[in-house]
Amino acid sequence: MLKVRGRARFAAEVPLHDLSYAAFVHGTIARGRIDTIDTAQAEAAPGVLLVMTYKNAPRMPAPPMMMEDAKGASASKLPVMQDATIRWNGEPVAVVVAQTQEEADAAAGLVHVTYLQEPAATSLDLQRQKAHPPKTILGESPRIEIGRAERALARAVHAVDETYRTPRHNHAAIELHAATVSWQDDTLTVHDATQMVNLTRSSLAAVFRIPEAKVHVLSPFVGGGFGNKGLWSHQILAAAASRMLGRPVRIVLSREGVFRITGGRTLTEQRVALGATEDGTLEGLIHTGIAGMTTHNNCPEQFTFPARHLYAAKNLLLAQEVVDLDMVANTFMRAPGESVGTFALESAVDELAVAMNLDPVELRRRFEPRKDPTSGRAFSSRNLVEAYRRGAERFGWGRRNPVPRSQHQGEWLVGYGVATATYPYYRVPGGAASIRLTQDGRAIVRMASHEMGMGTATVQSQHAAERLGLPVEAVTFEYGDSDFPSGTLAGGSSQTVSIIAAVTAAAEMLTGELLKLAGNDSPLAGLKPAEVEGWNQGIRQRDKPENFESHGSILRRAQREDGSVEAAAPMPLKAQKYSMHSYGAQFCEAWVSKQTGEVRVKRWLGSFDTGRIINPRTAASQFRGGIIMGLGLALMEETLFDERTGRIMSRSLADYHVPVHLDVPEIDVLWTDVPDPHSPMGVHGIGEIGITGVGAAVANAVYNATGKRIRDLPITLDKLL
Ligand code: MOS
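Along each chain, the written sequence defines residue order, and numbers are assigned to residues from 1. The predicted nature of this model means local features are confined to residues of pLDDT at least 70 and side-chain atom pairs, given and counted, to a pLDDT of 80 or more, with totals for whole chains, interfaces and linings taken over all residues.

Caption draft 1: Just the overall build of the protein, in detail. What counts as a helix is a DSSP run of H or I of at least four residues, what counts as a strand is a run of E of at least two, and both are numbered from the N terminus. Scanning the protein from N- to C-terminus turns up 16 helices and 31 strands. For 721 residues, the compact-globule formula gives about 27 Å, and the C-alpha radius of gyration of the protein, at 27 Å, lands near that figure. In terms of principal-axis extent, the alpha carbons of the protein reach across some 80 × 75 × 50 Å. Out of the 721 residues belonging to the protein, those deemed buried represent 55%. Whether two residues are in contact is decided by their C-beta atoms, placed from the backbone, lying within 7 Å. Taking the intrachain contacts of the protein between residues at least 6 apart in sequence as the baseline, contacts between residues at least 24 apart amount to 81%. When we talk radius of gyration, it's over C-alpha atoms, and the globule rule is simply 2.2 Å times the number of residues to the 0.38. The burial criterion counts other C-beta atoms lying within 10 Å of a residue's C-beta, which is placed from the backbone; the residue is buried at 20 or more, exposed at 12 or fewer, and partly exposed between these limits.

Below, the structure written as structure tokens:
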């Protein structure tokens, strides 16, 4: 509501006394060294307070990297502005700080840099012979081989074996990356736009060699993250400049700056081969390929992960490699791996269905595994077949004609396509939450977590109210502050369930405290937390609901203003025994113009199986948002990269096509709402699954409409003529 009313205050809007403004000068070569850097003219420009380059920047160790260091928030482990080396085109080579943003921007143009260029690796194609497996992919082996997939494929009655390509993408959040930083003595305060306040705190503490307690990161609102709002060089540079100047500094990246210094999704080239028997037994599944990466980041784009869990293949070969390129560190972007991996895998399943002359929904039913095909574990909860059944019925899948080019509407060819959506269940262990319950029946719940517009505060207020037996208006959920109990990150679709686990633990502890305070004079005397529940601003016995006492009455009798607890979520050990994933079936109706090749998605239905849904409104919105981003992936998004210079050509949101309202049809979403017995409250995260499967569902619909199979995203009109 605050966002809608324009009252939410973002990192770039925090007012501070004596604030100064920073602008970056970006390098213009892909690899080499700064030969000369002349800052005299910029330093003499009006309003300029400081020009910082590698020559005068403070000595700082490289930031700890996400997924490598438990305290890391940085997408890259490169040191920031420490020497003359240039490692990607767009790397900041100078920071200009001035009295106003305009003065900083103007002076940035007066810094003169010359370079000594070195040959750069900028082409996946030219470097492919140097492809190598990454050390791990999210801590797992980059290669799984079960049986002999190549041999099974060669013997299969029906087989497909194709290559699929997906381009670079940029997150393109509406809110620009920004930080407003200040130092008081040796304490650093950062108003940031981040998906990870705790990790940003620990990373900045490491870079500035101060205790974590001396770093305070606040991020109450994030205007779009999608995986990109972590720690990049701008927060570090702003904090370094602010310390040098002894004045608060604000850095707001320019639209172009976002594409220069924050990485996006990398490009992939994937092989998927499937071999089946006459009756649809999957004898062999091969999913392999390469992705562009850098030597200094940690995101190999796990596109082979869906194939590890989706289909009952007897023989599997799943392996991926990376090619080191000189580019800005690529990073996690909404459903990293799964979004582009499902494009390849689910296109191939459709191609096999065509080869077998079988309905693709029926083929997937025949491929459905009883247990996880690679780990052998039982699924904690998997109702994909049911999601398909319900989705197909509501979408009218039965009306589809499997013969391409058989449905027309004037100049338009009409096609239906379907694909599976899937995303893992992740939960960050160790989060803690606090609850303060006051005599007047209000509760304040706190956890260092994040609101990017997905409704975290609403859903968690709702959840805490349910736990405590309070009306939802009586609960305030506070988040986005690294001083709050140790939190979660808003990533990997893990935040909701991680908060729920911590708040549940805190609510249980609070109930225990209140029962102790209630003492022997209470109708609740002698009861244990497991025997009671929150109800009507108080506590009642589960079996004998007439045994009730209100929170206010307990606290007043104990002469206490409030009850306060802080508790950590227990480690999710039990969950490790199961293969835990979310699922969905994406249905698409696409129209393709016979004249221009233009694709219009006319109708969409997503049928999901993601555990229990807590808030139907925010959930539907998350699913739709993911699907819309998937339409961008399918039809328009592509970060154009000039391989001659290593420079991003589509250099900002202005040149980067994302769906607008007219590109988005009515999106119907439904869900099984079957709670997962092995997750807190039966809930799964849903932030990312919406985008998965969308690319393939569109490509499969386009095939059904036109008879043309596009294996190279995005599906632009030139590919259809
Ligand atoms: Mo997501 S890519 O884990 O924000």
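Structure shown, so let's carry the discussion forward.
Caption draft 2: Spatial organisation of the packing of helix 12 (residues 456-468) against helix 13 (residues 495-518). In contact at an axis separation of 10 Å, helix 12 and helix 13 are set at 30° when each is read in the N-to-C sense. For the element pair helix 12 / helix 13, the angle class is roughly parallel. The hand of the helix 12/helix 13 crossing is right-handed. Residues T456, V459, Q460, H463, A464, R467 and L468 of helix 12 touch helix 13, and the partners they reach there are Q495, T496, I499, I500, V503, T504 and A507. Gly counts as polar in this scheme, as do all residues outside two lists: the nonpolar Ala, Val, Leu, Ile, Met, Phe, Trp, Tyr, Cys and Pro, and the charged Asp, Glu, Lys and Arg. Tallied by class, the residues present in the contact of helix 12 with helix 13 amount to seven nonpolar, six polar and one charged. The axes used here are C-alpha line fits, helices contributing only the stretch in contact, and every angle between their N-to-C directions lies in the interval 0 to 180 degrees. Each angle gets one of four labels, with under 35 degrees taken as roughly parallel, over 145 as roughly antiparallel, 65 to 115 as roughly perpendicular, and the rest as oblique. Rotating anticlockwise by less than a right angle from the far helix to the near helix defines a left-handed crossing, while the corresponding clockwise rotation defines a right-handed one.

Caption draft 3: How the structure looks around the domain arrangement of the protein. Either an automatic procedure or a domain database provided the assignment from which the domain bounds are taken. Under the domain assignment used here, the protein contains domain 1 (337-343 + 357-426 + 576-721) and domain 2 (432-571). Just the C-alpha atoms count here: the centres of domain 1 and domain 2 sit 38 Å apart. Taken residue by residue, the interface counts 16 residues in domain 1 and 15 residues in domain 2. Residue composition of the side of domain 1 that touches domain 2, by class: eight nonpolar, seven polar and one charged.

Caption draft 4: Representation of the confidence of the model for the protein within the structure. One confidence number per residue, pLDDT, is output by the predictor and ranges from 0 to 100. Here the protein averages 96 in pLDDT, and 99% of its residues register 70 or above. Confidence estimates for the predicted assembly give a pTM of 0.97 and an ipTM of 0.97.

Caption draft 5: Representation of the UniProt feature "domain: Aldehyde oxidase/xanthine dehydrogenase a/b hammerhead" (unreviewed entry) in the protein within the structure. In the numbering used here, UniProt assigns the "domain: Aldehyde oxidase/xanthine dehydrogenase a/b hammerhead" (unreviewed entry) feature to residues 5-119. The span residues 5-119 shows a helical share of 10% and a strand share of 30%, and its end C-alpha atoms are spaced 51 Å apart. UniProt positions are given in the numbering used here, feature names are shortened, and annotations may be inferred rather than shown by experiment.

Caption draft 6: Region of the structure containing the environment of A620. Note on placement: A620 falls in helix 15 (residues 616-635). When the 19 C-beta atoms within 10 Å are taken as the criterion, A620 is described as partly exposed. For the pair A620 and T504, spaced 116 residues apart in sequence, the C-alpha to C-alpha distance is 24 Å.

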